[in-house]
Structure formats: C-alpha cells, structure tokens
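Here is how the chains run, residue by residue.
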Amino acid sequence: MKGIFIDADEVTGRLAKKLNFCCDVDIFKADKADAAEICSIINQNYEFILIGEQLYKSMFFELSSRLAWFNMQTGTIKFTKNFSVYKIYHICKGDYERMFPIELYTKQLDENAIVDLFRRTLSNVGADGAPGKISRFFTEIGLSRTLKGYEYLVEAVRLVDIAPELFSNLTKGLYPLVGNKFGVSGSVVERCIRNAVDSVISKGKFFEVANSLYGGNFGKYEKPTNGEFISFVSLI
C-alpha cells in the first residue's frame, strides 16, 4: 500500500518529511501543480493521500471527480503543533482506511504519534495491499503475483471480510463486485481465481502449509472450490 503527502504549507512540511523518511510516503509539492495533474499522478501510483485542510478545501471537487477510485473514503487526522490543532485529510482508495487504527481519527496527535501509527500500519500490509499475513500465506503456498487471480483473490477476501453475506452468492454477488473494480466480468473473475487455486494445488504446497501452519483440515487429494479457498484465506 503506497501513499503520497500533498504538501503546500509550512504547517505540514516537517510531518511530510518524517513520513517520507520513516514510512516511504512520497511527497508532492502542490504549489505549482493543478488538481488534474495531481489526480493523474495519484491514479497511477497510490492507494492513499494525505493533504492539509486549506489545500483539501480548494481541491475537494477536483479530487472527488477526477480520482478513479472505487468507494473513496476520507478520514480526518487532528494534528497538534505548537499548541494548535490542524486538520489533515486522509483519503483512501476503496476500503484501505479500515486498515488504519481508529485512534488515528479520534485523538489529537503530534508528529511522532502520527508517524508511529502509519509505520506500524504499513509494516503489516503487503505490497499488494493485502494484510501482511495473507501476503505471506500466498507466498508460502507458491501463488504467483503475476496471475490475474492473485489480485482478484485479494479483493475477494477484502470484500467478504466487510460483507460476509457475499458468500451466499458468489456468482451474482462477489465475482461481479470484484470485476467492477478491475473492469472485467464476474465470469472472468471466477475463471481467473479458479486458475490461481489450481496453480497452487498443482505445486503441492497448499495442503502442507494450510494444514500444518494455518489450522486447515484439507484432505490430501481434496481440491477446494473457489468459495472454500476464499473462506479459508479470509479466516487467516
């Protein structure tokens, strides 16, 4: 999960540099760029934005209309500096906001506290945007990130974690929702996930890893369905 701090004032400058150094959050100096340019950069490379109050207000409508993000979420961070409280807006792609602790939005925080919360959160999230434990599981069973089914599985697990009722209708519920994010049909999602599951079964690592390390109870020759695989991963 990659973020960018859109920085244009002295209030947030030092915080932006700390987040860049400690958490690899990029910095974009917005004083000479228009909203269209900023949104173009964000759409290509990032899952969350940090932006100061004044700049957020001036760019709100552009951000809302130009960011090609599904289900964009915005949280407000109360940043304390020199006995004053400032607002920093944390805009996340999809439901990435839920990965951050609630205290990030409910407490008044100084620079070090904000940096620490971001550092701890980002260290537990894989480069693919999945929680670190799921990324590790996929690596351990030999699921290649080059397969389309990989990113569809990550999104499917995220969605059923939010709405478990999607398990009751994979074909008309879960798969089309995943497809909406990637611009493909539900049948394409189903086929790619099946291909991804088949690939790890053929490598022979799934049963050993799932049963011995993650509490699974799969028979040696029992190939899980898409739904069974997604359900198992969602409980890791």
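Residues numbered from 1 in each chain as written. Predicted model: local features only at pLDDT ≥ 70, side-chain atom pairs only at ≥ 80, totals over all residues. Heavy atoms only, no water.

**Topic: the overall build of the protein**
As a reminder of what qualifies: Starting at the N terminus, helices and strands are each numbered in turn, a helix being any DSSP run of H or I of at least four residues and a strand any DSSP run of E of at least two. Three labels apply to residues, based on accessible area from a 1.4 Å probe with only protein chains included: buried if under 20% of the type maximum, exposed if over 50%, partly exposed otherwise in between. Contact criterion: two residues are considered in contact whenever any of their non-hydrogen atoms come within 4.5 Å of each other. For the accessible areas, the method is Shrake-Rupley and the probe is 1.4 Å, while residue cover comes only from the protein chains on display. His residues and chain termini do not enter the charge count, which takes Lys and Arg as positive and Asp and Glu as negative. We put the charge of a Lys on NZ, of an Arg on CZ, of an Asp on CG and of a Glu on CD.
Within the protein, the secondary structure is distributed over 11 helices and 6 strands. Taking the principal axes of the C-alpha coordinates as reference, the protein spans close to 65 × 35 × 30 Å. Every one of the 236 residues in the protein was classed for burial, and the buried ones make up 47%. Taking as baseline every contact in the protein between residues at least 6 positions apart, the subset at least 24 positions apart corresponds to 58%. With an accessible surface of roughly 12100 Å², the protein has 51% of that area assigned to carbon and sulfur atoms. A gap of 2 Å separates the mean positions of the 29 positive and 28 negative side-chain charges of the protein.

**A word on the nonpolar core**
Let me state the cut-off plainly: By nonpolar core we mean a set of buried residues, namely Ala, Val, Leu, Ile, Met, Phe, Trp, Tyr and Cys, connected to one another through side-chain atoms within 4.5 Å.
By size, the foremost hydrophobic cluster in this structure holds 36 residues, and its most contacted members are Phe137, Phe138, Ile141, Leu174, Phe206 and Phe229. For this core, the secondary-structure elements that each account for two or more residues are helix 6 (132–140), helix 7 (148–162), helix 8 (170–182), helix 9 (186–203), helix 10 (206–213) and helix 11 (226–234). Broken down by element, the residue count for this core peaks at 8 residues, all from helix 7. Among residues more than four places away in sequence, those in contact with Leu174 are Ala156, Leu159, Val160, Leu166, Asn169 and Ile230. Met1, Leu15, Met99 and Leu104 belong to the second largest nonpolar core, which has 23 residues in total.

**Quick look at the pattern of salt bridges**
Definition in use: Criterion for a salt bridge: a side-chain nitrogen of Lys or Arg within 4 Å of a carboxyl oxygen of Asp or Glu.
What the rule picks out here adds up to 12 salt bridges. The shortest N-O distance in the salt bridge between Asp26 and Lys2 comes to 3.4 Å. Within this pair, whereas Asp26 is found in strand 2 (residues 26–29), its partner Lys2 is found in the segment before strand 1 (3–7), the two being separated by 24 residues in sequence. Of the residues examined, Lys2 reaches a relative accessible area of 22% and is grouped as partly exposed. Between Glu151 and Lys148 there is a salt bridge, with its nearest N and O atoms 3.2 Å apart. Of this pair, Glu151 and Lys148 both sit in helix 7, 3 residues apart, which is roughly one turn of that helix. According to the relative accessible area criterion, Lys148 is partly exposed, its value standing at 46%.

**What to know about the packing of aromatic side chains**
Note the cut-off: Here a pair means two rings of Phe, Tyr or Trp (six-membered ring of Trp) with centres within 6.5 Å. Their orientation is stacked below 30 degrees between planes, edge-to-face above 60, and tilted elsewhere.
A complete count under the given rule lists 19 aromatic pairs for this structure. With 3.9 Å between their ring centres and 10° between their planes, Tyr56 and Tyr89 make a pair best called stacked. Linking Tyr56 in helix 3 (residues 53–66) with Tyr89 in strand 5 (residues 84–92), this pair joins segments that are 33 residues apart in sequence. Residue classification places Tyr56 among the buried positions, given a relative accessible area of 12%. These aromatic residues form a ring-pair network of at least three members: Phe137, Phe138, Tyr150, Phe206, Phe207, Tyr214, Phe218, Phe229 and Phe232.

**Here we look at the packing of helix 8 against helix 9**
Here is the rule we go by: Axis definition: a line fitted to C-alpha atoms, limited for helices to the stretch in contact. Angles are taken between N-to-C directions and run from 0 to 180 degrees. For classification purposes, angles smaller than 35 degrees are called roughly parallel, those larger than 145 roughly antiparallel, those between 65 and 115 roughly perpendicular, and all remaining angles oblique. Residues are grouped as follows: nonpolar covers Ala, Val, Leu, Ile, Met, Phe, Trp, Tyr, Cys and Pro; charged covers Asp, Glu, Lys and Arg; every other residue, Gly included, is treated as polar.
One way to put it is that helix 8 packs onto helix 9 with a least axis distance of 7 Å and a crossing angle of 100°. As judged from the angle between their axes, helix 8 and helix 9 are roughly perpendicular. Judged by residue contacts, Tyr175, Pro176, Val178 and Gly179 of helix 8 engage Gly186, Val189, Glu190 and Ile193 from helix 9. Per-class residue counts for the contact of helix 8 with helix 9 are 5 nonpolar, 2 polar and 1 charged.

**Looking at the pairing of strand 1**
Rules: For two strands to pair, DSSP has to find at least two bridges joining them.
Counting buried residues in strand 1 gives 5 out of 5 residues, a clear majority hidden from the surface. Of the two faces of strand 1, the one holding Gly3, Phe5 and Asp7 and the one holding Ile4 and Ile6 are both buried throughout. Across 4 bridges, the pairing between strand 1 and strand 3 (residues 48–52) is parallel. Bridged to Ile4 within strand 3 is Ile49. Of the pairings in the sheet, the one linking strand 1 to strand 2 comprises 4 bridges and is parallel in character. Residue pairing across strands places Asp7 opposite Lys29, the latter belonging to strand 2.

**Some words on the sheet that holds strand 5**
Reading across the sheet, the 6 strands line up as 2-1-3-5-4-6 and stay open at both edges, with mixed pairing between neighbours. Whereas interior strands pair on both sides, the edge strands pair on one side only; in this sheet they are strand 2 and strand 6 (108–109). Of the strands in this sheet, strand 1, strand 2, strand 3, strand 4 (73–81) and strand 5 are in contact with helix 1 (residues 10–23), which crosses strand 1 at around 155°.

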